[in-house]
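# Notes for the structure review
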Amino acid sequence: MKRNHSGSLLNYFKVGSHTTPAEVQKGSVAIDSSSAINNDATATSNECNVQPNDGNNIVPKYDISLYVNKKISDHEKINFIKNMWVPDNSYTFKTQQIGSQNRKFNRFWLIKYKWLAYSNLENSVYCKMCVLFAPSNAGHCSSQALNQLVKTGYNNWKNALERFEKHLLLNYHKDATLKYDTFIDIMSGKLLPINKQIDKDSQKQALENSEKLKPIIKTVILCGRQNLSLRSHEDYGVFDTKIEPNKNEGNFRAILRARIESGDENLKKHFETCGKNATYISWNIQNQIIEACNEIIIQKLVTKINKTWQMFF
């Protein structure tokens, strides 16, 4: 009868190594949380950090137009988000002639569209999420250039509401908004960077795997100490915890069943959820466990002999 071969035992404990993504992935941002800032000092995507009026003729340091088409670090991004210039209630918006009428920006739009950022320098508005996190191009095959509200300011106040509503529906705006919110959560410490989330999940999985293997390893050691043979001619096939075997599967499997019946929930869960080729009780895995035990015993003997040798010389 052909025996069931399982994967290498060592692979069961490996924690995947992950490199920090060089670019922000969709829906996530990989940032070192060591640069996190205090929650109280962090602006959210639903709030604006209002600065005192700098005067209509003065260019604020954190005017949105100064950050357009520039590559900035994560520190610069969070610093801008915290201090982004927002016109206060005393600010007078500049008027411009559109057609036969003079029009100007409506302050209410900043409240309705939280993603808007007004530029005192240009008398125009941008989408702050897209300025910081939108890709260079969008559309099919990234062939669509991003212009108004992203690369250039928008100031056609006559059609502003229509343009803003259209911008809300764009996929790159939705992606940028998600990245913006995730960035805020990571920098404020509410969320781990994606690379650390992956590493944490891998470590958790490795720990769970080791807990599942402990009773299997202890069973092999028990058989060795009691001078019991591990296998019989029927030591193969599916290990079903719900069906009592009608044949002698050998000491190894019999002891495993006894452990489960005695209340070993981790071992029971392992056999109920693992794949048929990942039970880790095959003859190959048993031999790997025996070899590992052999190496440990030899290392301990060598250490004791060396210590004893040093006592006499």
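What comes next is a walk through the structure. Owing to the predicted nature of the structure, the values given are computational and were not obtained by experimental measurement.

Counting its regular elements, the protein contains nine helices and six strands. Put simply, the protein has 313 residues, and 36% of those count as buried. In the protein, of all internal contacts separated by at least 6 residues, the share reaching a separation of at least 24 is 70%. A total accessible area of about 19,100 Å² is found for the protein, and carbon and sulfur atoms account for 50% of it.

A grouping of Ile297, Leu301 and Ile305 is seen on the molecular surface, where their side chains present a nonpolar patch of about 300 Å² in accessible area. Position of Ile297 among the secondary structure elements: in helix H9 (residues 283-312).

Across the interface, helix H1 (residues 74-83) lies against helix H5 (residues 171-187) with an axial gap of 11 Å and an inter-helix angle of 100°. Between H1 and H5, the crossing angle belongs to the class labelled roughly perpendicular. Residues Asp74, Lys77, Ile78 and Ile81 of H1 form the contact with H5, whose participating residues are Tyr180, Phe183, Ile184 and Met187. Its residues assigned to classes, the contact of H1 with H5 shows six nonpolar, no polar and two charged.

Turning next to H5. In this model, H5 (17 residues) spans 24 Å end to end at C-alpha, consistent with the 24 Å of a helix rising 1.5 Å per residue. Tyr172, His173, Ala176, Lys179, Tyr180, Thr182, Phe183, Ile184, Ile186 and Met187 are the residues of H5 that are buried. One or two residues past the end of H5 sits Gly189, with phi positive at roughly 85°.

What follows concerns the packing of helix H7 (residues 251-261) against helix H8 (residues 265-273). Where H7 contacts H8, the axes come no closer than 8 Å and their chain directions differ by 115°. Relative to H8, the element H7 lies roughly perpendicular. Pair H7 / H8 crosses with left-handed handedness. Each of Leu256, Arg259 and Ile260 in H7 lies in contact with H8, whose residues at this interface are Leu267, Lys268 and Phe271. Residues that form the contact of H7 with H8 fall into these classes: four nonpolar, no polar and two charged.

Time to look at the pattern of salt bridges. Under the criterion given, the structure shown has four salt bridges. One salt bridge in this structure joins Lys214 and Glu211, with 3.1 Å as the shortest N-O distance. In this pair, Lys214 and Glu211 are both assigned in helix H6 (residues 194-225), three residues apart and thus about one turn of the helix distant. In this structure Lys214 comes out as partly exposed when scored by relative accessible area, which is 41%.

Turning our eyes to something else, we now look at the packing of aromatic side chains. Under the defined criterion, the tally for this structure stands at 19 aromatic pairs. Centre to centre, the rings of Trp85 and Tyr91 are 5.3 Å apart; their planes meet at 70°, and the pair counts as edge-to-face. Residue class for Trp85 comes out buried when judged on its relative accessible area of 2%. Tyr91 gets classed as buried once you look at its relative accessible area, which sits at 3%. Ring plane angle 80° and centroid distance 5.7 Å describe the contact between Trp109 and Phe164, whose orientation is recorded as edge-to-face. Here the residue Trp109 occupies a position in helix H2 (residues 108-112), and Phe164 occupies one in helix H4 (residues 160-168), the gap between them amounting to 55 residues. Looking at Trp109, the relative accessible area reads 9%, which means it is buried. Taken together, Trp85, Tyr91, Phe93, Phe105, Trp109, Tyr113, Trp115, Tyr118, Tyr154, Trp157 and Phe164 form an aromatic cluster joined through their ring pairs.

So, about the nonpolar core. Ranked by size, the top nonpolar core spans 44 residues in total, and within it Phe105, Leu116, Val125 and Phe164 carry the most contacts. Among the elements of the structure, H1, H2, strand E3 (116-119), strand E4 (124-127), helix H3 (128-133), H4 and H5 are those that each provide at least two residues to this core. With six residues, H5 is the single largest residue contributor to this core. Within the second largest apolar cluster, 16 residues are counted, among which are Leu230, Phe239, Tyr280 and Ile289.

Parameters and conventions
Residues numbered from 1 in each chain as written. Predicted model: local features only at pLDDT ≥ 70, side-chain atom pairs only at ≥ 80, totals over all residues. Heavy atoms only, no water. Helix = DSSP H or I, 4+ residues; strand = E, 2+ residues; numbered from the N terminus. Buried < 20%, exposed > 50% of the residue type's maximum accessible area, 1.4 Å probe, protein only. Contact = heavy atoms within 4.5 Å. Areas by Shrake-Rupley, 256 points an atom, 1.4 Å probe, with all protein chains shown as cover. Patch = residues over 30% accessible without salt bridge, like charges linked within 9 Å, V, L, I, M, F, W, Y side chains within 5 Å. Salt bridge = Lys/Arg side-chain N within 4 Å of Asp/Glu carboxyl O. Axes fitted to C-alpha atoms, helices over the stretch in contact; angles between N-to-C directions. Parallel < 35°, antiparallel > 145°, perpendicular 65-115°, else oblique. Nonpolar A, V, L, I, M, F, W, Y, C, P; charged D, E, K, R; others polar. Expected span 1.5 Å × (residues − 1). Left-handed = near helix turned anticlockwise from the far one by under 90°. Phe/Tyr/Trp six-rings, centres within 6.5 Å; stacked < 30°, edge-to-face > 60°. Core = buried A, V, L, I, M, F, W, Y, C linked by side-chain atoms within 4.5 Å.

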